[in-house]
Structures are given as structure tokens and as C-alpha cells.
Amino acid sequence: MKIKLIPVNDDNREAVLALSVRKDQPFVAPNDVSLRQADETNAKHPGVARPFAIYADGTLVGFCMFAFAPELENPADRYWLWRFMIDKDKQDKGYGQAALQEIIRYFKTNGADRLYVSTEPENEHGLHIYHNAGFRETGIISDDEAVLMRMLKGPNKTVKDFYQVPVDSLLHIKGKRGYGVSIAVNGRDEGIETYCSGSGRYGQEFPVNPDMMFQAGSVSKPAFAVTLLRYVDKGIIDLDADISGVVPEFVKNGPVTFSALLSHTAGYNLSGFPGYKADHKPFTLEDILNGKGITPKLRRIRPYGEQYMYSGGGITLAQLAFTRITGVTLREAFQKEVAEPLGLKRTGYFQPLDEQFVPFAAFGNKLAYRENKNHGYHYFPEHAAAGLWSTPTELSKLGIAISRSYREGGLLKQETARRMLTPVKDEYGLCIQRLSSDVAYHDGWNVGFITDWMISLRDDLCVVSMINNTTNKPLCQANLKVALELFQNIEEEIYEDTDKSCWESYCGKYEQNCADFLLDEVFLKDGKLYAKIAGKKNGENIYQLYPTGDKTFGRKGGFAKIEFGDNCLTVDGIACKKL
């Protein structure tokens, strides 16, 4: 059998348009759609879309289209098998496998080092063909399609990168029975992309998938804050009213407000909670605050309102006051005020976890071996502080809703969202941290689960990374590193078309006025902008700056916002003159 790829032209276009797949194969776009997309793409980027007719021994049997862009910086964007179909009357005759080998040869001949393709996870026939040709899943789901790749040079080893971040390597994800990771990127114009790898249950072949539920740890707190703030918008709750009379058994000397409790400035103890075995008897909030569990009794140990001191106990007190004022449980309120408006199906304060959700739940650490083989996670009666279950995809939707509320109003009124995100002390607002003027963040740690949740306040962008392993302390920093690198790489892509003609004018020496680090010099290298920074703690370092607007930049690996002006710049609002 001789396979030949011939570019689609005036002589064969009508014949290609006449090709079609079977009715039970809805996974392939019609060829007229593909050719229209090719024309639109090539009008903007000549030569990127390459449509071909597939001939076998001189007979037209199928169609394929490539995306060919070797100049792109990200290797995962350069070479794609964009479309591939065999006509319904020519299937099951070996043409698919033979054509795929010719397609691979084409890419090899034209200098590609790897090749990507995507298809719906339900397309078992297509996956079988791709697997036989050496393609392997990357763990990425983009536009509801599984992304596969095949190396064309050297060993055919799948590169498990997500937006150029080596996730598995950084998080030590190994094999099908180890720990796992689930990541969602909710980006401007791109929809939600996910990356999953490893096992959701240690020791079992239980592949992580985008719908798998993880405990969100302290990300429960901002979810609680959003729920409470919905009642603020309705006029039912006043953030600044003294609520000591609502919870008098726990506040002997007032005042205390929701604002102080949510900003961790009320001075209470109980920074966090360890949880209980999944089958432990239920506790009430009053039980926890009275010290009837395994944590001490709630008490004020710092002056009210004078300093930031992280307190899960204070959040639990706020939850108790919330339920007494509204007359509804947090689970009910979150479902009505947040989950339903955002279409969240697997996010809620499910404590203990409903049996209907157990088949979709990740298990943390080795709790299934040590405590309960059927429920490998802890029970958290402190719902607002630590009791949220969710998926990265659904947490990213919540993040986008917060960002949009901040920018223009939405789930929350704009003034309410801005109140939530305005730091009270130590860069912490109402249950959420401001890493810079444009980035909001919270992390979460429950036994067996780590979450990092990062939100842009200038664009639709949210990154969430969740893992089911807390046995290794450096994993907390590693998971944050993954989330931060993803966030900043995607921000850089969003602004990749920013005018760079003025960048050279930014280069030079600057006076060192910044409190936290001293920006000494800005320079260009290989088309990218860099800053030499003399930090008070870490000595001299060089960081890449990436655009976040026409004259604004972020710092790779950190959170500084740098804005250039005429012969000056500002670093987080602190001015530095150009020398």
C-alpha cells in the first residue's frame, strides 16, 4: 500500500469535501469546517495550516490537516496533527494506520522533534489508532479533548510538561500507583485546560481525572467569605457590626466583627485543625470551640484588631455567627449562593463526605491503609476553615467569578469584592491574600491534601493545583512553584503581542529606593527584558520581567509589579529614577 499526501487544491477540493465519517463518529469536524479554518488561519499566519488529501495507491481515502509553526517558543505549540479522518467507506482496511505513519514521516522530514494530537477521551477507535502509532497521553485536557504526543527524535518518551512547566518532575509524581496531581488553568479566551497525572489513591491504579474531588484545605475560607458576602450584598449581614451578642458564650469582652474574624485580626488562637478519622462521630461547631475535640478551646490571645494572626478558630467562630444570623447551614448557603449560580456540581462543604461522592474522591497520603480503607481522608467539622471538597476546574470557576466581581461586579457587587480583596494587615483581606496589586491567592493544607489557588485581578485567569500528598514538607513549596510558573507563563502568553519597540528605552541603571529589594539595572537579552536585583536577604539575582500591560511587568518567580515611566519606574508603587 502506497500512501501519498497531496495538498488540498482546486483539483481535489470538491472530492475532499465529499468525504465523511460514520454517524457514530461525531468526534471529527466536517471537512468544510476544517478547510474554512485553514483559510482563516493562513490569512493571519501564512503557511501555519496545511491541509492534505490522503491517497492510497492513487485513490482518495481521507483528509488531514497540520498546524506547523516551528518559530513558536513553546514546543507544545509548534507541531500538531490538527485534523485526521478516513472516509466511512474506506475504514477498517488499514488506511488509518498507514496514513498516520506517512504523516509522522512528513513531520520528521520537515524538522519536527515531536508531534501532538487531541481527541475526545470517548473516541476509543481514534485512541486505539494513535496508541498503535506511538502516541501517549500527556495528562492534559484542552477544550474537552485529551492531548497526546509522540516524540519524533530520540526515544519516544512522553514529555509531561504543562505550559512548559515540568509538573511531574517538580512534584515527584511517579507511576500509576503513587500520588497524583490535578491542575486547572482557566484562562482568557482559552476556556479551561486541565492536567492530571498519577493516582488519586496511593497504591491503587486510580488515575487522576479532571472531575476527581480533593479536599481544598484552607481554600475553604475564601469560599466561605464569598458565601457570607452574598448575604452582605443582600443587607442581611453587616461586616462591621459587633456580633459578640450573637455568640456570647465565646466572646466575653467585645467587640468582635465579621471583618476582624475574616481578616485574622481578632486575636484568636487555633491556627488550624488536623481533622478526625472519616468515621468519627460528628461534632457541632460549639463542641469544637469549647475544646471538646482534639484542639484547645477558642480564646483570644492577642489584642483585638492590632495585628494579623492566622486563626482557623476565628473563622469557625465566624461560621457559627453566620449560621445563627441567617438560620441556614454553611453547606446549604454555599450551595444556593455560590455553587448553583456558578454551576458547581462537585464543590461543597460535604462533611462528612456524601457516599454518592466517595467514588470520585481522591484519598490523601496513606490514610486508606492506616485508618479507613474505604474513606482515605479526614472528617472536618470546621467547615468554613477546612471542610471544602472541590475539583481544580470548579475552584477555577470560583476564582474567575471573584476576579470579575472585583473588576466589574458579578457574583458579588464590585464594592463588596473590592472590600474582600483590600488588605487589612499583612497583605491579607477577607479570607484572601494579595500577592501583588493584581494577584490574589490562597493555599490549603489538610492531612493528605495540598491546594494552591492563584487569581489574576486584571484578566480572566485562575490557576489551581491540587495534590494528595503531604508526606514530604517541600511539596508545599513545590506545588506553589508549579502554580506560580503556570500562572506567569500564561500571563506572558496573554501579553505576547505587546509592543516591544520601547523596551530598549527601559534599559539602564536605576536608583535603589525599594524597601524589599533593590532594583539595580534593567537590560535586554535575547529579546527578553531582565532586571538585576540586589535583595537584602538573597544577595544579587537576575530575574526575567514579563509584560502584563503596555508599560507594566511582572517578575518571574516573584510577585512584584513593575511599571515604567519617563526615565523612571515604580516597584509596587515605590518610585525609582533612572540614572
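The structure under discussion appears in the preceding block.
Residues numbered from 1 in each chain as written. Predicted model: local features only at pLDDT ≥ 70, side-chain atom pairs only at ≥ 80, totals over all residues. Heavy atoms only, no water.

Undergrad: Provide a residue-level description of the side chain of glutamine 91, including the pertinent values.
TA: In this structure, glutamine 91 sits in the loop between strand E4 (79–86) and helix H3 (95–109). Residue glutamine 91 is classed as buried on the basis of its relative accessible area, which comes to 12%. Aside from chain neighbours lying at most four places away, what touches glutamine 91 is Val21, Arg22, Gln25 and Ile86. (Helix = DSSP H or I, 4+ residues; strand = E, 2+ residues; numbered from the N terminus. Buried < 20%, exposed > 50% of the residue type's maximum accessible area, 1.4 Å probe, protein only. Contact = heavy atoms within 4.5 Å.)

Undergrad: Break down the environment of isoleucine 173 for me, citing the residues and quoting the values.
TA: Inspection of the secondary structure assignment puts isoleucine 173 in the loop between helix H5 (167–171) and strand E8 (180–187). You can call isoleucine 173 buried: its relative accessible area is 11%. Considered as a pair, isoleucine 173 and aspartate 57 are 116 residues apart in the sequence and their alpha carbons are 46 Å apart. The residues contacting isoleucine 173, other than those within four sequence positions of it, are Asp168, Tyr179, Gly180, Val181, Ser197 and Gly198.

Undergrad: Please set out the packing of aromatic side chains residue by residue, giving values where relevant.
TA: For the coordinates displayed, the defined rule picks out 33 aromatic pairs. Each ring, one from tryptophan 503 and one from phenylalanine 553, has its centre 5.5 Å from the other, and the planes form 65 degrees; the classification is edge-to-face. Highlighted residues: tryptophan 503 in helix H16 (residues 503–506) and phenylalanine 553 in strand E22 (residues 552–555), separated in sequence by 50 residues. Among the residues examined, tryptophan 503 registers a relative accessible area of 3% and is labelled buried. What makes phenylalanine 553 buried here is its relative accessible area of 1%. When the ring centre of tyrosine 406 is taken as origin, the NZ or CZ atom of arginine 418, which lies over that ring, is 4.3 Å away. Sitting over the face of the ring of tyrosine 543, arginine 555 holds its NZ or CZ atom 4.3 Å from the ring centroid. (Phe/Tyr/Trp six-rings, centres within 6.5 Å; stacked < 30°, edge-to-face > 60°. Lys NZ or Arg CZ within 6 Å of the ring centre and 35° of its normal.)

Undergrad: Outline the pairing of strand E23 (residues 561–565), supporting the account with residue identities and numerical values.
TA: Only one face of E23 is covered, namely the face carrying Ile562 and Phe564; the face carrying Lys561, Glu563 and Gly565 is uncovered. Inspection of the sheet shows E22 paired to E23 by 3 bridges, in the antiparallel sense. Each residue of the ladder has a partner; that of threonine 552, found in E23, is glutamate 563. What sits between the antiparallel neighbours E22 and E23 is a turn of 5 residues, in which glycine 557 has the positive phi angle 85 degrees. Summarising the sheet, E23 and strand E24 (residues 568–571) pair through 4 bridges and their orientation is antiparallel. The residue of E24 that forms the bridge with phenylalanine 564 is leucine 569. Here E23 hands over to E24 after 2 residues, with asparagine 567 in that stretch at a positive phi of 55 degrees. (Pairing = 2+ DSSP bridges.)

Undergrad: How would you sum up the packing of helix H6 (residues 220–233) against helix H10 (residues 330–342)? Please name residues and give values.
TA: Contact geometry of H6 with H10 gives a least axis separation of 9 Å together with a crossing angle of 85 degrees. If you check the angle between H6 and H10, you find them roughly perpendicular. Residues Ala223, Phe224, Val226, Thr227, Arg230 and Tyr231 of H6 form the contact with H10, whose participating residues are Leu330, Ala333, Phe334, Glu337, Val338 and Pro341. When grouped by side-chain class, the residues that make up the contact of H6 with H10 number 9 nonpolar, 1 polar and 2 charged. (Axes fitted to C-alpha atoms, helices over the stretch in contact; angles between N-to-C directions. Parallel < 35°, antiparallel > 145°, perpendicular 65-115°, else oblique. Nonpolar A, V, L, I, M, F, W, Y, C, P; charged D, E, K, R; others polar.)

Undergrad: Could you give an account of unusual backbone geometry, with specific residues and numbers?
TA: Here the bond from glycine 254 into proline 255 is cis, since omega is 0 degrees, no more than 30 degrees from zero. Note that proline 255 resides in the loop between H6 and helix H7 (258–262). Cis geometry marks the peptide bond from glutamine 351 to proline 352; its omega dihedral reads -5 degrees. Considering the arrangement of structural elements, one finds proline 352 in the loop between H10 and helix H11 (367–370). The backbone of tyrosine 163 sits at a positive phi, close to 50 degrees, despite the residue not being glycine. As for its position among the elements, tyrosine 163 is in the loop between strand E7 (145–151) and H5. In this structure, histidine 264 is a non-glycine residue whose phi angle is positive, near 60 degrees. With respect to the helices and strands, histidine 264 occurs in the loop between H7 and strand E11 (276–277).

Undergrad: Provide a residue-level description of the pattern of salt bridges, including the pertinent values.
TA: Opposite charge on two side chains makes pairing possible when the charged atoms of those side chains draw close. Scanning the entire structure with this criterion turns up 20 salt bridges. Taking the shortest distance from any N to any O, the salt bridge between lysine 528 and glutamate 73 comes out at 3.3 Å. Here lysine 528 is found in strand E20 (residues 528–535), whereas its partner glutamate 73 is found in the loop between strand E3 (59–68) and E4, with 455 residues between them in sequence. Relative accessible area serves as the criterion here: at 52%, glutamate 73 is assigned to the exposed category. For arginine 324, the salt bridge goes to glutamate 249, with nearest N and O atoms at 2.7 Å. Within this pair, whereas arginine 324 is found in helix H9 (residues 312–326), its partner glutamate 249 is found in the loop between H6 and H7, the two being separated by 75 residues in sequence. Residue arginine 324 is classed as partly exposed on the basis of its relative accessible area, which comes to 34%. Accessibility expressed as a relative area gives 33% for glutamate 249, which makes it partly exposed. The network of salt bridges with common partners includes Glu73, Glu492, Lys528 and Lys556. (Salt bridge = Lys/Arg side-chain N within 4 Å of Asp/Glu carboxyl O.)

Undergrad: Can you lay out the packing of H6 against H9 for me, pointing to particular residues and giving the numbers?
TA: Remark: H6 packs on H9, axes separated minimally by 11 Å, with the N-to-C direction vectors making an angle of 30 degrees. As judged from the angle between their axes, H6 and H9 are roughly parallel. The element H6 and its partner H9 pack so that their crossing is left-handed. The segment H6 lies against H9, with Lys221, Phe224, Thr227, Leu228 and Tyr231 engaging Gly312, Ile315, Ala318, Gln319, Phe322 and Thr326. A per-class count over the contact of H6 with H9 returns 6 nonpolar, 4 polar and 1 charged. (Left-handed = near helix turned anticlockwise from the far one by under 90°.)

Undergrad: An account of the nonpolar core is needed here, citing residue identities and associated values.
TA: Most often, soluble globular proteins keep nonpolar side chains buried together rather than apart. Counting 87 residues, the largest nonpolar core has Phe224, Leu262 and Trp453 as its most contacted members. Looking at which element gives the most residues to this core, the answer is H6, with 7 residues. Listed in part, the 35 residues of the second largest apolar core include Ile140, Met151, Ile173 and Val185. (Core = buried A, V, L, I, M, F, W, Y, C linked by side-chain atoms within 4.5 Å.)

Undergrad: Tell me about H9, and name the residues and values.
TA: Its 15 residues give H9 an end-to-end C-alpha distance of 21 Å, which sits within 8% of 21 Å, the value for a rise of 1.5 Å per residue. Note on H9: the residue one or two positions beyond its end, glycine 327, has a positive phi of about 80 degrees. (Expected span 1.5 Å × (residues − 1).)

Undergrad: Summarise the environment of histidine 442; cite the residues concerned and give the values.
TA: Its place among the elements puts histidine 442 in strand E15 (residues 439–446). What histidine 442 contacts, discounting residues up to four positions off in sequence, is Ser218, Val219, Lys221, Pro222, Tyr310, Tyr428, Cys431, Ile432, Thr451, Asp452 and Trp453. A polar contact is formed between the side chain of histidine 442 and the side chain of tyrosine 428, at a distance of 2.7 Å. (Polar contact = N/O pair within 3.5 Å; in protein donor to acceptor, adjacent residues only side chain to side chain.)

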